[in-house]
Amino acid sequence: MRRAIVTTTATAAGVVLLLSLKPHGSQSASAQAPVISSGSDTSNTSNTGNTGSGSSSTGSSSSGSGSSAGSGSSTSAPSGTKSGSGSYTGTAVDTRYGPVQVRIDVSGGKVSKIDVLQYPNGQQRDQDINSYALPVLNQEALSAQSAQIDAVSGATYTSDGYTQSLQSALDQAGLK
Amino acid sequence: MITRHAEHVMGTVFSFMVRDPSPAVDEAVRAAVARLHAIDARFSPYRADSEVSRIAHGERELADASPELAEVLERCAEVAQQTDGWFSPYREGRLDPSGWVKGWAVQQACELLCEAGSREHCVNGGGDVQSVGGPWRIGVADPFRPGELATVVAGRDLVVATSGTAERGAHILDPRTGEAPTGLLSLTLVASGRARLARTDAYATAAFAMGPELGLSWAERQPELEALAILPDPAAPKRATSGFLRHAV
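Residues numbered from 1 in each chain as written. Chains lettered and ligands numbered in written order. Predicted model: local features only at pLDDT ≥ 70, side-chain atom pairs only at ≥ 80, totals over all residues. Heavy atoms only, no water.

**Section: the environment of Pro181(B)**
Residue and element names in this part refer to chain B. Counted only if it meets this: The secondary structure listing takes helices from DSSP runs of H or I that are at least 4 residues long and strands from runs of E that are at least 2 residues long, numbered from the N terminus. Using a 1.4 Å probe on the protein chains alone, a residue whose accessible area is under 20% of its type maximum counts as buried, one over 50% counts as exposed, and one in between counts as partly exposed. Only heavy atoms matter for contacts: two residues are in contact if any of them lie within 4.5 Å across the pair.
Mapped onto the secondary structure, Pro 181 falls in the loop between β9 (158-164) and β10 (186-192). For Pro 181, a relative accessible area of 16% translates into the label buried. Residues Pro 181 and Ala 209 lie 28 residues apart in sequence; the distance between their C-alpha atoms is 5.6 Å. Excluding residues within four positions of it along the chain, Pro 181 makes contact with Ile 172, Leu 173, Asp 174, Phe 208 and Ala 209.

Laid out in structure tokens, this is it:
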């Protein structure tokens, strides 16, 4: 079962990293990179229940999005242990804006710090980046099971398609 | 106790979640369901006997529209104006205000629940969500990975509307060219506070038609809106407006 391989890396599974790549000349990439953790509370309490999301570097690449999805998931060997602590360095990922590499510190099952080790710079690329739009790097697919959501927004499903939808699963879970 | 209800109507499913149920609120859920069917009966472009269909097929004059339809068309005209014509209550030349009606139906359901005393509920109309109270956690479906989430937004009084092609194919048309826009897999708008779903949903339809560059820059100019765009570009699939982070968790 895939859940067997989900240990400490699962704590990082819910993390969505948004890198601000605005060309304001700041030298402090990590300081200007707003970082949020997603679902860390739930992933913290149910590490082994995160199902496939913890290993999505493989799963997501099948959809062609492997390069970004794998940004932090193809990590180096953690320096921590199964207790949910450690430091993980992601492989550098080539985005259209240039290489991006991050390091995540996990402490007590929660992401305590994210450093951006590499981020794109250079005048030409900066000009390509619209100041209004932030590239969003999703480190892992978010597992709906672990995200503890109340509802799902998405392109309108048909009455038939609903039965396959996450919203249907949520509704049924609540009706039991 | 939580009251849940899923109702098949308008070609999709409306899901109710009420965190503060009471006999009065449960009755309001039933009234809301009846209201949804009444809206469908009048506004569905798929029912030959609906008012919209009869006007679309020339069996009834637009000038004779019911006050309810007239008001919907007025709101549609406002949205069209606010989106530089990227929203239209016409599809391929025929009256079809669906881009307003579904979100408006969710909004009315919430109003009925509020009137009955509920301060904690969430109504999802086929993927477009209005919530009251909270905090609520709303997942945004990932069009690359069915069954997975692209992100989660959380907050109080959240309104989340997504337009996209994933579920129903290319059903949104560029009102200018009549063709399906191709630059986006989905576009999600998030608002909170006083925002309501009817307008937010219509905006999402318009911004989707605009495509990623124009859609995101348009959303950036709307102080009450934040946007997440998912592009058919595996290397850089997601882009968001600068304030999107405040909703993300």
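Next comes the rest of the description.
**Digging into the nonpolar core**
Residue and element names in this part refer to chain B. Defined as follows: What is meant by a nonpolar core is a set of buried Ala, Val, Leu, Ile, Met, Phe, Trp, Tyr and Cys residues, joined one to another through side-chain atoms within 4.5 Å.
With 59 residues, the main nonpolar core has Phe 16 and Trp 100 as its most contacted residues. Per-element tally for this core: the top contributor is helix α5 (residues 197-210), with 10 residues. Apart from the residues lying within four places of it in its own chain, the contact partners of Trp 100 are Val 72, Arg 75, Cys 76, Val 79, Phe 87, Ala 198, Arg 199 and Ala 202. One finds Ala 150, Val 153, Val 190 and Ala 248 within the second-largest nonpolar core, a separate group that totals 18 residues.

**Here we look at the pairing of strand β6 (residues 128-132) of chain B**
Residue and element names in this part refer to chain B. Where we set the bar: Any two strands are treated as partners once DSSP identifies two or more bridges connecting them.
With five of five residues buried, β6 lies mostly within the body of the structure. Residues Asp 128, Gln 130 and Val 132 line one face of β6 and the alternating positions Val 129 and Ser 131 line the opposite face, and both faces are buried. Across five bridges, the pairing between strand β5 (residues 121-125) and β6 is antiparallel. Bridge pairing links Asn 124 to Val 129 in β6. Counting the residues in the hairpin turn of β5 and β6 gives two residues, including Gly 126, whose phi is positive at 65°. Sheet topology places β6 next to β9; two bridges connect them, and they run antiparallel. Bridge pairing links Val 129 to Val 160 in β9.

**Considerations on helix α3 (residues 67-82) of chain B**
Residue and element names in this part refer to chain B. Put simply, the rule reads: In a helix, the anticipated span is given by 1.5 Å times the number of residues less one. What the arc describes is the spread of directions from the helix axis to the C-beta atoms.
An ideal rise of 1.5 Å per residue puts 22 Å on 16 residues; α3 measures up with 23 Å between its terminal C-alpha atoms. Considered for burial, the residues of α3 that qualify are Leu 69, Val 72, Leu 73, Arg 75, Cys 76, Val 79 and Ala 80. Across the axial projection of α3, the buried residues extend over an arc of 160°, all falling on one side. Residues of α3 that are exposed and angled more than 90 degrees away from the buried face: Pro 67 and Gln 81. Lining the buried residues of α3 we find α1 (23-43), α2 (51-56), β4 (94-95), α4 (98-115) and α5. Trailing α3 by a residue or two, Asp 84 shows a phi angle of about 55°, which is positive.

This is a description of form; function is not addressed.
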